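Listed here are the chains, written in short residue letters.
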Amino acid sequence: LPPLDVQKNIVKKLDAFFEKYNILKEEKRNSKENYDRILQSSLFKLLEKKNEKKIKIDKLLEKEYILEIKSGFPSGAHTRSGEIIHIRPMNISRKGKLELEKCKYVEVIPEKMKTYQLRAGDIVFNNTNSPELVGKTMFFNSKKTCAYSNHMTRIRVDNKKLNPEFVAIYLHSLWRSGLFKAV
C-alpha cells in the first residue's frame, strides 16, 4: 500500500478530477456510455500508475489496517419518513456516492444504534443482493443519522495507516471494473 500521505494526495487528485469531470458531464449529458467508459479508464490510470506497485485487495484487508468489519441488519418494517435512514444498495450511486432520494427509514432501539450507526469516515460495501450490485462502495461522510441493511458491510480502518476515502474509491473502482461479478 502507498504511504498515508500518498493516499491523501490521491484523494485530493480524485476530488479535483471529479470537479473537472462534472463540468464535462454537464456538457455531454446525453453520452452516458462514454461517461462511464472514460471515468473507469481514468480511475484505473490514476490508481494503478505504471511506475507504482499495483494495490492488492488482500493488502487492504490486513488486520493492521482494519479496526472493524460489520454486516448490517435486516428490516422488513420500513417507513417513508423518520429519523433513522436505513442505507441499502440503491442508496449508493454508480459513482460511489450516497443517494438519499429513495430512502427507507427504520425504528431502531438505542442499543442497536450503538452497533449499526454509520459515522463519518466509514466505508460502506454492498456484500449481497444481485451480482451487478456486489462491490458497490461508498465513503460515508454525512451528518444524517443512518444505519445500514444486511446487504451492506461497514468497514472501519485505522485512519492513521489508511485513508478510508481512498479505500472506498479503490473498492468502488474494482466494482466498476466488474471484478466482484467474477467472484
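Each remark here, short or long, concerns the structure printed above.
Basis of the calculations
Residues numbered from 1 in each chain as written. Predicted model: local features only at pLDDT ≥ 70, side-chain atom pairs only at ≥ 80, totals over all residues. Heavy atoms only, no water. Helix = DSSP H or I, 4+ residues; strand = E, 2+ residues; numbered from the N terminus. Expected span 1.5 Å × (residues − 1). Buried < 20%, exposed > 50% of the residue type's maximum accessible area, 1.4 Å probe, protein only. Polar contact = N/O pair within 3.5 Å; in protein donor to acceptor, adjacent residues only side chain to side chain. Disulfide = S-S within 2.5 Å. Salt bridge = Lys/Arg side-chain N within 4 Å of Asp/Glu carboxyl O. Pairing = 2+ DSSP bridges. Axes fitted to C-alpha atoms, helices over the stretch in contact; angles between N-to-C directions. Phe/Tyr/Trp six-rings, centres within 6.5 Å; stacked < 30°, edge-to-face > 60°. Lys NZ or Arg CZ within 6 Å of the ring centre and 35° of its normal.

In a regular helix each residue adds 1.5 Å, so 14 residues correspond to 20 Å; helix H5 (residues 164-177) covers 20 Å between its end C-alpha atoms and thus fits that length. Counting buried residues along H5, 13 of its 14 residues qualify, which places the element largely inside the surrounding structure. Structurally, the start of H5 carries an N-cap: the backbone nitrogen of Glu-165 is 2.8 Å from a side-chain oxygen of Asn-163.

Attention now goes to the state of the cysteines. If you walk through the whole model with that rule in mind, you get zero disulfides. In this model Cys-146 remains outside any disulfide bridge; the closest cysteine sulfur is found in Cys-103, 7.2 Å from its own. Exposure remark for Cys-146: the relative accessible area of 0% places this residue in the buried category.

Next up on the list: the pattern of salt bridges. One pass over the full model with this rule turns up three salt bridges. The partner of Glu-68 in a salt bridge is Arg-154, with the nearest N and O atoms 2.8 Å apart. A residue pair is termed long-range when its members are at least 10 positions apart, and Glu-68 in strand S1 (residues 66-71) and Arg-154 in strand S7 (residues 152-157) qualify at 86 residues. The exposure class assigned to Arg-154 is buried, which follows from its relative accessible area of 1%.

Turning to the sheet that holds S7, a few remarks are in order. Pairing between the strands of a sheet is mediated by backbone hydrogen bonds and can be parallel or antiparallel. If you walk across this open sheet you meet the four strands as S1-S7-S4-S5, and the pairing is antiparallel. This sheet does not close on itself; its edge strands, each paired only once, are S1 and strand S5 (137-139). For this sheet, the mean angle separating the axes of adjacent strands, direction not counted, is 20°. Of the strand pairs in this sheet, strand S4 (residues 123-126) and S5 are connected by three bridges, and their pairing is antiparallel. Paired with Ile-123 across the bridge in S5 is Phe-139.

Within this structure, the stated rule accounts for five aromatic pairs. Taken together, a centroid distance of 5.3 Å and an interplanar angle of 70° make the contact between Phe-17 and Phe-18 edge-to-face. The interplanar angle of 5° and the centroid separation of 6.5 Å between the aromatic rings of Phe-166 and Tyr-170 together place this pair among those described as stacked. Taken as a pair, Phe-166 and Tyr-170 lie in helix H5 at a separation of four residues, close to a single helical turn. Its relative accessible area of 0% is what places Phe-166 among the buried residues. Each residue in the set Phe-73, Tyr-116 and Tyr-148 is aromatic and connected to the rest through ring pairs, giving one cluster. A cation over an aromatic ring shows up here: Lys-97 above the ring of Phe-18, its NZ or CZ 5.8 Å from the ring centre.

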